[in-house]
Amino acid sequence: MPINPQQVRAQFPTLQREVRPGIPLTYLDSTATSQKPLAVLQAMDDYYRHSNANIHRGVHTLAEEATALYEDARAKIARFIHAPSARQVIFTRNTTESINLVAYTWARANLQAGDLVILTEMEHHSNLVPWHILQAERGIRLEFIPVTENGTLDLEAYRALLQQSPKLVSFTHMSNVLGSITPAAEMIGLAHQAGARVLLDGAQSVPHFPTDVQALDVDFLAFSAHKMCGPTGIGVLYGKADLLEAMPPFLGGGDMIKEVKLRSFRANSIPHKFEAGTPAIAEAIGFGAACDFLTSIGMDAVAAHEHEITAYALERLEEIPGLAVFGRENPHRGGVAAFTLQGIHPHDVAQILDSDGIAVRAGHHCAQPLHEKFGIPATTRASFYLYSTKEEVDKLVDGIYKVKTYFG
Amino acid sequence: MPINPQQVRAQFPTLQREVRPGIPLTYLDSTATSQKPLAVLQAMDDYYRHSNANIHRGVHTLAEEATALYEDARAKIARFIHAPSARQVIFTRNTTESINLVAYTWARANLQAGDLVILTEMEHHSNLVPWHILQAERGIRLEFIPVTENGTLDLEAYRALLQQSPKLVSFTHMSNVLGSITPAAEMIGLAHQAGARVLLDGAQSVPHFPTDVQALDVDFLAFSAHKMCGPTGIGVLYGKADLLEAMPPFLGGGDMIKEVKLRSFRANSIPHKFEAGTPAIAEAIGFGAACDFLTSIGMDAVAAHEHEITAYALERLEEIPGLAVFGRENPHRGGVAAFTLQGIHPHDVAQILDSDGIAVRAGHHCAQPLHEKFGIPATTRASFYLYSTKEEVDKLVDGIYKVKTYFG
Amino acid sequence: MDDLYREIIIEHYKNPGYKGHLEPHDYAFEDSNPLCGDHIEITLRVGADGKVAEAAFDGHGCAISQASADLLIESIIGQPLEDVKQLNKQHILDLLGIDLGPVRLKCALLSLKVLKAGLYGMGEAPDSLVE
Amino acid sequence: MDDLYREIIIEHYKNPGYKGHLEPHDYAFEDSNPLCGDHIEITLRVGADGKVAEAAFDGHGCAISQASADLLIESIIGQPLEDVKQLNKQHILDLLGIDLGPVRLKCALLSLKVLKAGLYGMGEAPDSLVE
Ligand SMILES: Cc1ncc(COP(=O)(O)O)c(C=O)c1O
Ligand SMILES: Cc1ncc(COP(=O)(O)O)c(C=O)c1O
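No experiment lies behind these values; they were computed from the predicted model shown.

Reading guide: rules and limits
Residues numbered from 1 in each chain as written. Chains lettered and ligands numbered in written order. Predicted model: local features only at pLDDT ≥ 70, side-chain atom pairs only at ≥ 80, totals over all residues. Heavy atoms only, no water. Domains from an automatic or database assignment. Contact = heavy atoms within 4.5 Å. Buried area = accessible area lost by both parts, 1.4 Å probe. Salt bridge = Lys/Arg side-chain N within 4 Å of Asp/Glu carboxyl O. Helix = DSSP H or I, 4+ residues; strand = E, 2+ residues; numbered from the N terminus. Nonpolar A, V, L, I, M, F, W, Y, C, P; charged D, E, K, R; others polar. Axes fitted to C-alpha atoms, helices over the stretch in contact; angles between N-to-C directions. Parallel < 35°, antiparallel > 145°, perpendicular 65-115°, else oblique. Left-handed = near helix turned anticlockwise from the far one by under 90°. Pairing = 2+ DSSP bridges. Near = heavy atom within 4 Å. Polar contact = N/O pair within 3.5 Å; in protein donor to acceptor, adjacent residues only side chain to side chain.

1. Considering the domain arrangement of chain A
Residues and elements named next belong to chain A.
Part 1: When cut into domains, chain A gives domain 1 (5-30 + 298-406) and domain 2 (41-296).
Part 2: Between domain 1 and domain 2, the C-alpha centre-to-centre distance is 28 Å.
Part 3: Counting from both sides, the interface comprises 33 residues of domain 1 and, opposite them, 35 residues of domain 2.
Part 4: A combined buried area of about 2,700 Å² lies between domain 1 and domain 2, and 62% of that area is made up of carbon and sulfur atoms.
Part 5: Considering only the side of domain 1, the residues that lose the most area to domain 2 are Met299, Leu370 and Tyr385, jointly responsible for 23% of the buried surface there.
Part 6: The interface formed by domain 1 and domain 2 contains one salt bridge.
Part 7: With a shortest N-O distance of 2.7 Å, Glu121 and Lys373 are connected by a salt bridge.
Part 8: Counting residues per element, the ones that place at least two in the side of domain 1 that touches domain 2 are helix H11 (299-318), strand S14 (336-341) and helix H13 (368-373).
Part 9: By residue class, the composition of the side of domain 1 that touches domain 2 is 16 nonpolar, eleven polar and six charged.

2. Here's the deal with the packing of helix H11 (residues 299-318) of chain B against helix H14 (residues 390-407) of chain B
All names here are of chain B.
Part 1: Running from amino to carboxyl end, H11 crosses H14 at an angle of 20°, the nearest separation of the two axes being 10 Å. Here H14 runs roughly parallel to H11, going by the angle between their axes. Considering only the axes of H11 and H14, their crossing is right-handed. Contact residues: Glu308, Ile309, Tyr312, Ala313, Arg316 and Leu317 in H11; Lys390, Val393, Asp394, Leu396, Val397 and Ile400 in H14.

3. Examining the sheet that holds strand S1 (residues 27-33) of chain C
Working definition: the strands of a sheet are paired by backbone hydrogen bonds and lie parallel or antiparallel to each other.
Residues and elements named next belong to chain C.
Part 1: Ordered by their spatial adjacency, three strands build an open sheet running S1-S2-S3, and the pairing between neighbours is antiparallel. Two strands close off the open sheet at either side, each with one partner strand: S1 and strand S3 (52-60). Taken pair by pair, the neighbouring strands of this sheet meet at an average axis angle of 15°, ignoring direction.
Part 2: The sheet strands contacting helix H5 (residues 102-119) are S1 and strand S2 (38-46), and the helix crosses S1 at an angle near 145°.

4. Things to note about the site of ligand 2
Part 1: As a matter of local geometry, ligand 2 sits amid 16 residues, with A:Thr96, A:Asp201, A:Ser224, A:Lys227 and B:Thr278 nearest to it.
Part 2: The residues that come close to ligand 2 belong to more than one chain, namely chains A and B.
Part 3: The separation between an oxygen atom of ligand 2 and a polar main-chain atom of A:Thr95 is 3.4 Å.
Part 4: Contact distances for ligand 2 include 3.1 Å between an oxygen atom and a side-chain N or O atom of A:His124.

5. Quick look at the interface of chain B and chain D
Part 1: At the interface, eight residues of chain B touch seven residues of chain D.
Part 2: Summed over the three residues of chain B that lose the most area to chain D, namely B:Arg57, B:Glu64 and B:Lys258, the buried surface amounts to 55% of that side.
Part 3: Connecting chain B to chain D are zero salt bridges.
Part 4: Between the two partners, chain B and chain D, sit zero residue pairs in polar contact (both at pLDDT 80 or more).
Part 5: Counted by class, the side of chain B that touches chain D contains one nonpolar, three polar and four charged residues.

Pasting the structure below:
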């Protein structure tokens, strides 16, 4: 069923807000973080008001309720991404920690000096810096799949890089700047043929279109709740069970152990092995509620709605003289439009739009190398989600004309 | 001003709950996690309903509000522990991650094979396992300050260990099993004289009595929000500025960088250097609200109230034939009473107490080596906080008598 | 409270019928629940007909773990080894006749885990063995 | 919107009075704001009296950073070097006459950071320099 934006919007308290008296919020920054529906806030509040307790080891009623809620949330998230089992869903703080977890455990156990890791030029800093750190520490080699002028990955170059027997290919399923959706299934198949493991950065894909880790056959998938209607402070690392089981632990502490002696410990089984200390319990529960919410609307409907809004936005933005959308040519894209406006700095664009209540980002969007490659220090980015409307796009366009007059 | 428990309790929704119809909750498990006052839930809910946005790089109003709220929370926490500056407060997930952060960065940069780290026999697994991992990886040496029969640390043995030029002393400010409050200031002074750095596990101290990191002169302090009226999913590592500045980064990603090139990065300044990716924004705000809440009551009043309740509890528990409180002899203790009951397993005690709505923990409380040392596989633990009452202690005692009859 | 600890549980805990150690035996298995230190050892003799001829448990722990062990032993005596290998969680819950939260379930299932891991010749018993 | 970008800012951004590069110069400093790529270079000549005789800035970036730089240069010409070293955040805010959130404040303060880090002979300018 297609999305009824007014019905959807009614469930998001922030979207009812006025930025300043008389100036309603036009929120076009969902790629940075999404707004939260009532059902998610309610689930967390209910937990805190009713069942708040520490989990896993408690015998009392609240502890059992809290444990059940926490583990149910894990199961919901597993179903959301079609994971074979809930124990393959590891709770982290965010996408960034999920990627670092792989870098600190799987990669340090499996990569030697000279081993190749393939990344792309469109990666978010979160999928660059962990590998820079490992490069400095271990002497691994990094190579990058180039981004073409039209915002796609150069798959020929990728095939050539695969000849060099990489150990890992780590790339984003959707660029948070270009909006480009990468051909993940195809790229994962090629990587596996070359004997490499694949880590997929799902920060922008899992929130925006259906994800099936089994169909993708991906080895690791990282994503964050806060970008998909869920709370801050929680993300997930999905992994193939045999890989997760073979990996050394990451953080040491309570709950990740089977047994502790004064001078040694035995690690717990997955997923607990990777969840040291009191976890983000309320946040996991909120994340589960976010999956329920998105499922009730349908991820296909979410994707279709964003597709429609984005097509409209691109069409309207292109009318504006001096405006250029970054990676415009790529038809295979999600709800992101990063642009430059001739002679006007993105910070100024964003700030003047804000005076009309329009929230967009300006900067390099944690993808500095991508901006550098195209010689653009910064862009202004508008991004869309299931609650975005064409009226909001119109407001954005009007706002941009105003910016131009102002600086004209 | 002394605490008025009824006034305080009115602010905690969970404490109004019935575990089963007609059976109110008697929550004696605050050492595992505390309940949350309305002010904390409200602060997080307000953020999500009003100012939810990603922080630090945003120009728009919501992003600026969110950034200000997040950084204000940091400042509140800094004041709560009397830190010289807010940038010395690093947000983590919990105490466990804070300790691991030190182990992964400061310790890996400063400790070589053979270097000595001094711990104690009463440490929580969170302050053991990170060092076990480092021992396996690096070959550092671990030595343990013994716990005496009466639940205190053997300071003579500590002085002797200090002769061996340790690089680090890492210990808890209060045992989560014995309740023992360790003489942290004295121990830190001795460690510094011996040239060692000190990491203090404040998981049980910061929530329960006033903390002054400058008076303690401690190098690192780790603690969790969820044990001090705050939300799950957030903790803090406090550190001396020069140490934090000299430490290599931990997780790599957005926000922890100054600049990213395709093959290298420059780290940001503290505290951001250690906060990679979208942080737990709502949780930080909730943590700040928890500090406000505790400050409004007064940490001296919190400590005094717990002292009174604990003294009463110890007195009443000792009446019970066959009951032995773990570490009973130590007068310098916080609101924890872990006990054994002759011939009845702690799990059975806890479960039968639960049938009367009394929530206690049973097990080794993530301090397996301590239990092993005293030849006790598990204990039942009742713990108290600012909202605990003497009536609750009476219920506990009645409940224990019931358990005894049941198994009699 | 009666729901929680049926008389049968207290009875089997206080006066177990099968507590002890068989010598000689055909099988001996043991394991503990690291969460609470509960420990169970099971020894077993098999008859010529492939059925459990005699069995006993030893160990210490909570009422649930010890009563479950006693009830489990009682239930397998005279049963074909092949059938015993198929037993699962529900069997124990049926024997106990009470509902259990996730933590106490681990106590209840310890003896079955020990038994099955032993019969399958596994060093350490995964939770999945008794699901 | 007028609160946001006073005419004076747009004016100094579009028609800077001190944009350029002095050659020769006594001091040359440069730095950029990695958040947005704004870049400022300042060149400066000091008179025999220890006062700023001439100064200019070059660079690119948002209106706030560029206008601040132009206004800053205008304000320091003729001032003793020792006084210039004491300038802080408030000086820039007074020149701009608007309120700024934390992100835009960084844009506004870039030129002052560059200037002070240069005068103090520091390689990289910490934020604390302009607080
Ligand atoms: C003394 C002590 N240290 C560390 C911890 C670990 O805290 P967290 O689980 O919040 O990381 C605890 C919590 O139980 C504790 O009591
Ligand atoms: C593609 C991509 N990867 C990774 C991240 C990092 O996500 P988080 O900040 O939640 O760790 C983001 C978020 O901006 C992203 O867009």
